Amino acid sequence: MGGGGPPQLDQNQLDQNPYGDEAEDGGQTADNRQEDGSGHKQCDFCGRADPAFTEESMDIHYWKECPVLTCCWECDQVIEIKMIEDHLLEECQHMSKYKYHPKCKQVLMVDEFEGHQCVPPEPPGAVRCPLCSENVHPNNADGWKRHLITDGCSGNPRGRKTY
């Protein structure tokens, strides 16, 4: 498991729009954090604006509070919830433990793959939330924002946040 301080977001995560849509301004980076128009620094992931945000407090927000992010349960890297399955299959140091099931579009542990009760997400085009297994539809910024922030994912230990 991870070591002593907050896990760091990698530059690819910070350069991406929070929900995978192309940003109108080309995206935000850690050194170019968004402001909300009132001079408040704003989280690039959940949209929380706080005049007290500093680089350190923003990192703490990413590490412990942001409802759009989570720590990988295998390696403790901070990841967007909607990207955790890609991380487990492609980046995580424990990726050999996981396998993608094309029928239900879920990432499962290899030892749970056989005998898995496969139920594809509904409606077509939906995906399952990796934390609570609820269907997220549409699979875009609006669908993920509604699931994680507005409705509040029941499996998210960071809970629903309203900023």
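Residues numbered from 1 in each chain as written. Predicted model: local features only at pLDDT ≥ 70, side-chain atom pairs only at ≥ 80, totals over all residues. Heavy atoms only, no water.

1. Digging into unusual backbone geometry
- The omega torsion of the bond from Glu 122 to Pro 123 falls at -5°, within 30 degrees of zero and hence cis.
- Mapped onto the secondary structure, Pro 123 falls in the loop between helix 4 (110-113) and strand 7 (127-128).
- Backbone torsion omega between His 137 and Pro 138 reads -5°, so that peptide bond is classified as cis.
- When you line up the elements, Pro 138 lands in the loop between strand 8 (135-136) and helix 5 (141-151).
- In the Ramachandran plot, Lys 105 falls in the positive-phi region, its phi being about 60° despite a non-glycine side chain.
- Take Lys 105: it is sitting in the loop between strand 5 (98-101) and strand 6 (106-109).
- One non-glycine residue, Ser 133, lies in positive phi territory at about 70°. (Helix = DSSP H or I, 4+ residues; strand = E, 2+ residues; numbered from the N terminus.)

2. Looking at the confidence of the model for the protein
- Within the protein, residue pLDDT values average 80, and 73% of them lie at 70 or more.
- Confidence, expressed as mean pLDDT per element, reaches its minimum in the protein at helix 1 (residues 11-15) with 42 and its maximum at helix 3 (residues 84-90) with 97.
- Here residues 1-33 is a poorly scored stretch, pLDDT under 50, and it has 65 contacts once near neighbours within four places are set aside; other chains count. (pLDDT = per-residue confidence, 0-100. Contact = heavy atoms within 4.5 Å.)

3. Concerning the nonpolar core
- Among the nonpolar cores identified, the biggest contains 19 residues, and Cys 43, Phe 45, Cys 66, Val 68, Cys 129, Trp 144 and Leu 148 are the most heavily contacted of them.
- Going through the elements one at a time, helix 2 (55-65) and helix 5 are the ones with two or more residues in this core.
- Here this core takes three residues from helix 5, the largest share from any one element.
- Within the second largest apolar cluster, eight residues are counted, among which are Cys 72, Cys 92, Tyr 98 and Val 107. (Core = buried A, V, L, I, M, F, W, Y, C linked by side-chain atoms within 4.5 Å. Buried < 20%, exposed > 50% of the residue type's maximum accessible area, 1.4 Å probe, protein only.)

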